[in-house]
Amino acid sequence: MIGLPEAGEDRGAWHPSGRAARERLSGAESGGRERAVSDGPEQTLSGRLPEALRGRLALPVICAPMFIVSGPELVIAQCLSGVVGSFPALNARPAALLDEWLTRITRTLAEARAADPSRKVAPFAVNQIVHASNDRLAQDVEACVRHRVPIIITSLRAPDAVIRPVHAYGGVVFHDVTTVRHAEKALEAGVDGLILVCAGAGGHAGTLSPFALVGEIRRFYGGPLILSGAITSGAAILAAQAMGADLAYMGTRFIATREANAAPAYKDMIAGSAAADILYTPYFTGVPGNYLTPSIRAAGLDPEALPVRDKAAMNFGSGGVKAWRDVWGAGQGVGTIADAPATADLVAHLAREYAAARGRMAGLSAEYAGEAVP
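Quick word on the overall build of the protein
In terms of regular secondary structure, the protein is built from 13 helices and 11 strands. The 374 residues of the protein split such that 52% are buried. Carbon and sulfur atoms provide 54% of the accessible area of the protein, an area that totals close to 16,800 Å².

The following block contains the structure:
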């Protein structure tokens, strides 16, 4: 079982909710400004993460679920490499295919763990779009419950209806947020962690600097934080942790891998683009997101003259035609990507970069260490 409170136990004992933490913060000294709330003095990373993730990761990374790109091949390769793999439930079309995908992923990972119990095989996650237009939501959640999917990643609206059935079997729910208010709503609903989708992230993304959003949320929330936004290297993974996040959330870097279900031209465009080639627009889904400008032009559109669309344009229904499947999402980190290796090779490379960055930071810490100020 994943490390969640027992029925009837105060969830605040595991991590403080947004409302409870803010109430404590508002009564603090210095006009309500105080150090970040935590679950205990100098709480460690492992102490903040659910049991399902402890000791199972080769790197502190969750791979983001990506439209079309994320399928069983990529998810399995990611998990076998020691990072959490994920996919959107809506990628499995028709809906009956979701059961097949979940069976295949669950069986493959279980066999790998049984063959080598010492191997770090990460759990996997499924993304659910919580929106009125998603007419598959109830059916897809039921499938995830049957297969006891370890992690559910929810997007858009606060996932009140998803949390209870997932918690009933011991699963955890992480929710995408782009603002403090979104974070508060998700915590009040009872999510187990927050994914902060900051400026520069691929696909649907926010506009806030990660320094700003992590800092504000850490003032009132001491639970798991996963950070997204142009993270494409091992050094960036470490930077996310140094900033106050527990895990990095990486999508764009894994589009350019052998196992990704992306067209060769998409992978080539990722490797040949820079941050200046990314356009932030709500035009394609009604939700603001980052897209590769060359793919917009290839679709016959002028990136400089896209009509304005609002949230009313959102449609995630199973019967909807995905007219923009050849308009490709990507984050601002594309300028650091130049190849498309196998996922295992990429994760090994990221691990080396992460270790090297830790070494550099240790040297800097020694150089700038001074006597503690009382």
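Concerning the sheet that holds strand 5 (residues 172-177)
What the eight strands build is an open sheet, ordered 1-9-8-6-5-4-3-2; its pairing is parallel. At either end of the open sheet lies a strand with only one pairing partner, and these are strand 1 (61-63) and strand 2 (85-88). Strand-to-strand twist of the sheet, defined as the mean angle between neighbouring strand axes without regard to direction, takes the value 25°. In this structure, strand 8 (residues 225-228) lies alongside strand 9 (residues 247-250), joined through three bridges in parallel fashion. If you follow S228 over to strand 9, its bridge partner there is Y249.

Some remarks on a nonpolar patch on the surface
Taken together, the side chains of M361, L364 and Y368 define a hydrophobic patch exposed on the protein surface, amounting to about 330 Å² of accessible area. Position of Y368 among the secondary structure elements: in helix 13 (residues 343-368). Y368 gets classed as exposed once you look at its relative accessible area, which sits at 62%.

A word on the pattern of salt bridges
Tallying each qualifying case throughout the model produces eight salt bridges. The salt bridge partner of R104 is E73, with a shortest N-O separation of 3.1 Å. With R104 in helix 4 (residues 97-115) and E73 in helix 3 (residues 72-80), the pair connects residues that are 31 residues apart, well separated along the chain. As a salt-bridge pair, R136 and D140 come within 3.1 Å of each other at their nearest N and O atoms. Across this residue pair, the class does not change: R136 and D140 are buried.

Thoughts on the confidence of the model for the protein
For the protein, the average pLDDT comes to 86, and 82% of its residues sit at 70 or higher. This model gives residues 1-16 a pLDDT under 50, and the stretch forms 44 contacts once residues within four places in sequence are excluded. Here residues 24-42 is modelled with pLDDT under 50, and outside its nearest four sequence neighbours on either side it reaches 27 contacts, counting other chains as well.

Describing the side chain of S133
Looking at the secondary structure, you find S133 in the loop between strand 3 (124-130) and helix 5 (137-146). Residue S133 is classed as buried on the basis of its relative accessible area of 18%. Within the structure, S133 has its side chain in polar contact with the side chain of H131 (distance 2.8 Å).

Examining unusual backbone geometry
In this structure, P94 follows R93 across a cis peptide bond, with omega equal to 5°. Relative to the helices and strands, P94 resides in the loop between strand 2 and helix 4. The phi angle at I68 is positive, at roughly 70°, despite the residue not being glycine. Within the secondary structure layout, I68 lies in the loop between strand 1 and helix 3. The phi dihedral of L156 falls on the positive side, at around 75°, and the residue is not glycine. You can see L156 is positioned in strand 4 (residues 151-156).

Points about the environment of V145
Within the element layout of this structure, V145 appears in helix 5. For V145, a relative accessible area of 27% corresponds to the partly exposed category. Through-space distance from the C-alpha of V145 to that of V162 is 9.9 Å; in sequence the pair is 17 residues apart. Apart from residues no more than four positions distant in its own chain, V145 is found in contact with P165 and Y169.

Here's the deal with the pairing of strand 2
Burial of strand 2 is two-sided: the residues G85 and F87 facing one way and the residues S86 and P88 facing the other way are all buried. Looking at chain direction, strand 2 and strand 3 are connected through four bridges and run parallel. If you follow G85 over to strand 3, its bridge partner there is F124. In this fold, the crossover linking strand 2 to strand 3 by way of helix 4 has right-handed handedness.

Criteria and thresholds
- Residues numbered from 1 in each chain as written.
- Predicted model: local features only at pLDDT ≥ 70, side-chain atom pairs only at ≥ 80, totals over all residues.
- Heavy atoms only, no water.
- Helix = DSSP H or I, 4+ residues; strand = E, 2+ residues; numbered from the N terminus.
- Buried < 20%, exposed > 50% of the residue type's maximum accessible area, 1.4 Å probe, protein only.
- Areas by Shrake-Rupley, 256 points an atom, 1.4 Å probe, with all protein chains shown as cover.
- Pairing = 2+ DSSP bridges.
- Axes fitted to C-alpha atoms, helices over the stretch in contact; angles between N-to-C directions.
- Patch = residues over 30% accessible without salt bridge, like charges linked within 9 Å, V, L, I, M, F, W, Y side chains within 5 Å.
- Salt bridge = Lys/Arg side-chain N within 4 Å of Asp/Glu carboxyl O.
- pLDDT = per-residue confidence, 0-100.
- Contact = heavy atoms within 4.5 Å.
- Polar contact = N/O pair within 3.5 Å; in protein donor to acceptor, adjacent residues only side chain to side chain.
- Right-handed = clockwise from strand over helix to strand, strands pointing away.

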